[in-house]
Amino acid sequence: MEKKESEKLYLNKIKEINKHNKLYYSEDSPIISDKEYDELKKEILELESKYSFLNHKDSPSKKVGFKPSKNFKKQKHKVPMLSLSNVFDKEDLINFEKKIKNYLNLKKDQLFEYSVEPKIDGISASLTYKDGVLILGLSRGDGTEGEVITENLKTISDIPKKINFKDFPKNVEIRGEVYIKKNDFEKLKNKFANPRNAASGSLRQKDSSETKKIPLKFIAYTFGYFQNNNFSKQSDFLKSLKKWGFKTSKYNNTITKINDLIKNHNSVEEKRYELEYDVDGLVYKINDLKLQNRLGFVGNAPRWAAAHKFSAASSFSKILNIDIQVGRTGALTPVAKVEPVNIGGVVVSNATLHNEDEINKKDIRIGDVVKIERAGDVIPHVVTVDLSKRNEKNKKFKFPDKCPSCGSKVEKEFNNQTKKFDAVKRCSSEGYTCEKIAIEKIKHFVSKEALNIDGLGKKVVEKLWEKNFIRYPQDIFRLDYDKIKSLDGWGQQSIMNLKYSINSSKKISLNKFIYALGIRHIGQENAKLISKHLQKKQNFLKINNNFDFKTFLNIDGIGEIQISSLKKFFSINENLNVVKELSNYLIIENEANNVSGKLRNYSFMITGKLNGISRAEVKTIIEKNSGKILSSVSKKLNYIIVGDNPTTKKVTQAKALGTKIIDQNELMRLLN
Ligand code: IVH
């Protein structure tokens, strides 16, 4: 080959690999398989070894870390890996503590000791040890199910592979954060947006020898599954972790009073940029593990812990334009397109303006110079306008009164609880008639928390829509792969991968199926509540326009808002058809019926104040023992638990129906 020719070929391949790196890393929408990627990489390396003058800064020979595989085996976590709720200031913190005291029914002046730990901004990982040997390493995944990345985790020198201490638990899961030190990240800067992405990308290399090239670190901070846990304090557990050979943070601390928590927060925040790793706040955990156990969880976060975030990084930039995005639930969100600006290490070119009221309140106009804030993974937002830099020509922004996608009229909903109109304007179309809403619904359907279809990233969904291959979620199961193969960037292998991911997504739990439908106000938690209540998939598939949604009021956590949204969803024929067609393609699994508890087959209702224990805790105890909580008296109710000052009407109704009337002590006797 001539010099010129080989150079042209080489540069084309570099361009190609750059395209796929971008699709994979920045857009999370790869369009070629790992195998095809590896072939491309090999071709580049072969050209370089043949023609020594070929050399490009973007060549895989110059870069550490290649394309990680998205096809790791998945495994369920024995104990789910949850998130943390956030607090931002003293008021939030007081509220957080108040909720704990209410739940535990403790006095207002009760003090708690907290284990205070830095919240490292990395990727969490779980390590299972059996008889001191590391046997399994999982990523967080969606919190319920992680990826098996044992070999990659084993390459991290901070992670002990074998522990010989006599007091090291026989069967335990240690959890912590995988991260890259800030100064090590400097060398990887060209490839990743921030240290967190670098850690995540490196950890998920298909070939663990690629992971080994990257200086990943690990700090341990908690346990998951733990057989015979005898620890009484989180801080004691952290001390033992250190003794057993794990790295723990040197900033771990125990603090009791809220004022001292705030003082400590201020002092760590001041020195956050000096720390060797990125930290986005502090984690406060109730130090007493018995109390942690009693407090349990609400939604997907523990009641006993909170993350106290540091203030956000900010910068100034100019608004070039204002786009209106239409979301899955029809909400119109104005987004400022700004001159790209670096905020705390990430280049930002979009910032949300939230809604019309926000634009009017802050008088934000195209052409204005504005202050933009970015905190962690949250979408950057516009805080204020720098009026001193305003050009008189900048006109007030007029918010559209028609949906920019389908032209339907937009409306603000009236909130019956606040007696006010919502700040958000919504497209008034229903079902799948609005193109933008339909695309967003499909993206939601395939997303990680729903069907979790690898290879159907946002960009791929958009492409398939643009080509008219999909219009409804069910179209995913009748794709014409020959047509997709003819699209730019798709090959034999990537088609095979896509088919595989789609097929493996077909088996799905009832709660994930309900969540995947994208019904407004029915998020993961509500979908779980409904699925637990209905238990069988047939019960869900039976729901139509004539269904008596009032029965859902018995579900603790489901209220009028959710019910009216469900009613609306099931009143639209298009939605009923989606549910019906999907049920033909999917294998929907009934909710696992926990019938082992002492209170199985019994339902309870509480009225009046209980002694020494909160109602919330009693409800949790009943549910843990397979009992059901009902919120109204009916023939279905087996027991009414009566405390001080009960609602007389409820007790009278219960008497009339022959429901058993018991007090708190009798409940405890039922539970032994
Ligand atoms: S405890 C349910 N401790 O924060 C308790 N998490 O938002 C959650 N994190 O996924 C885990 N430092 O990746 C805990 N000292 C710390 C932490 C920490 C960072 C991360 C972790 C988790 C996320 C939750």
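Shown above is the structure to which this text applies.
Remember, predicted model here, so these are calculated numbers, not experimental data.

Conventions adopted
- Residues numbered from 1 in each chain as written.
- Predicted model: local features only at pLDDT ≥ 70, side-chain atom pairs only at ≥ 80, totals over all residues.
- Heavy atoms only, no water.
- Core = buried A, V, L, I, M, F, W, Y, C linked by side-chain atoms within 4.5 Å.
- Buried < 20%, exposed > 50% of the residue type's maximum accessible area, 1.4 Å probe, protein only.
- Contact = heavy atoms within 4.5 Å.
- Near = heavy atom within 4 Å.
- Polar contact = N/O pair within 3.5 Å; in protein donor to acceptor, adjacent residues only side chain to side chain.
- Areas by Shrake-Rupley, 256 points an atom, 1.4 Å probe, with all protein chains shown as cover.
- Helix = DSSP H or I, 4+ residues; strand = E, 2+ residues; numbered from the N terminus.
- Nonpolar A, V, L, I, M, F, W, Y, C, P; charged D, E, K, R; others polar.
- Expected span 1.5 Å × (residues − 1).
- Arc of directions from axis to C-beta.
- Salt bridge = Lys/Arg side-chain N within 4 Å of Asp/Glu carboxyl O.
- Axes fitted to C-alpha atoms, helices over the stretch in contact; angles between N-to-C directions.
- Parallel < 35°, antiparallel > 145°, perpendicular 65-115°, else oblique.
- Left-handed = near helix turned anticlockwise from the far one by under 90°.

Attention now moves to the nonpolar core. What tends to happen in soluble globular proteins is that the nonpolar side chains get buried as a cluster. Judged by nonpolar contacts, the single largest core of 55 residues is most densely connected at Ile476, Ile484, Phe513, Phe540 and Phe552. With residues up to four places along the chain from it excluded, the contact list for Phe552 reads Ile530, His533, Leu534, Ile543, Phe547, Ile558, Ile563 and Leu566. Formed by 34 residues, the second largest nonpolar core is a distinct cluster that contains Leu134, Ile159, Ile174 and Ile180.

The environment of the ligand is formed by 13 residues, the closest being Glu117, Ser124, Glu177, Tyr221 and Lys285. Contact between the ligand and Lys285: a nitrogen atom at 3.0 Å from a side-chain N or O atom of the residue. Out of a free accessible area of 520 Å², the ligand has 87% covered by protein chains. Elements represented by at least two residues in the shell around the ligand include exactly β3 (114-120) and β10 (279-286). In terms of residue count, β3 provides more of the shell around the ligand than any other element does, 4 residues in total. Partitioning the shell around the ligand into residue classes produces 7 nonpolar, 2 polar and 4 charged.

In a regular helix each residue adds 1.5 Å, so 13 residues correspond to 18 Å; helix α9 (residues 258-270) covers 19 Å between its end C-alpha atoms and thus fits that length. Taken together, the buried positions of α9 are Ile258, Leu261, Ile262, Asn264, His265, Val268 and Glu269. The arc enclosing the buried residues of α9, seen along the axis, measures out at 165°, which places them on a common side. Exposed residues on α9 whose side chains face more than 90 degrees from its buried face are Lys263 and Glu270. Tucked into the core, α9 has its buried residues touching α3 (90-104), β3, β9 (253-255), β10 and β13 (305-309).

Non-glycine residue Asp363 carries a positive phi angle of around 50°. Mapped onto the elements of the fold, Asp363 is located in the loop between α11 (356-362) and β17 (369-374). Despite not being glycine, Asn645 shows a phi value in the positive range, around 50°. By the element assignment, Asn645 lies in the loop between β25 (639-642) and α22 (648-657).

Scanning the entire structure with this criterion turns up 38 salt bridges. Across the salt bridge formed by Glu117 and Lys285, the nearest N and O atoms sit 2.7 Å from each other. One end of the pair, Glu117, is in strand β3; the other, Lys285, is in strand β10, with 168 residues separating them in the sequence. Lys285 sits in the buried class, given a relative accessible area of 7%. Residue Lys507 pairs with Glu589 through a salt bridge whose shortest N-O separation is 3.8 Å. Taken together, the residues Lys507 in strand β21 (residues 507-509) and Glu589 in strand β22 (residues 587-589) connect sequence positions 82 residues apart. By relative accessible area, Lys507 is classed as exposed at 55%. Here the salt bridges share partners, and the residues they tie into one network are Asp363, Arg365, Asp368, Arg390 and Lys396.

Let us look at the packing of helix α12 (residues 435-446) against helix α13 (residues 458-466). For the pair α12 and α13, the least separation of the axes is 10 Å and the interaxial angle reads 135°. It follows that α12 is oblique to α13 by the angle criterion. The two elements α12 and α13 meet at a crossing, and its hand is right-handed. Facing α12, whose interface residues are Glu435, Ala438, Ile439, Ile442, Lys443 and Val446, α13 presents Lys458, Val461, Glu462 and Trp465. For the contact of α12 with α13, a count of residues per class yields 6 nonpolar, no polar and 4 charged.

Any functional reading would require information beyond the geometric quantities listed.
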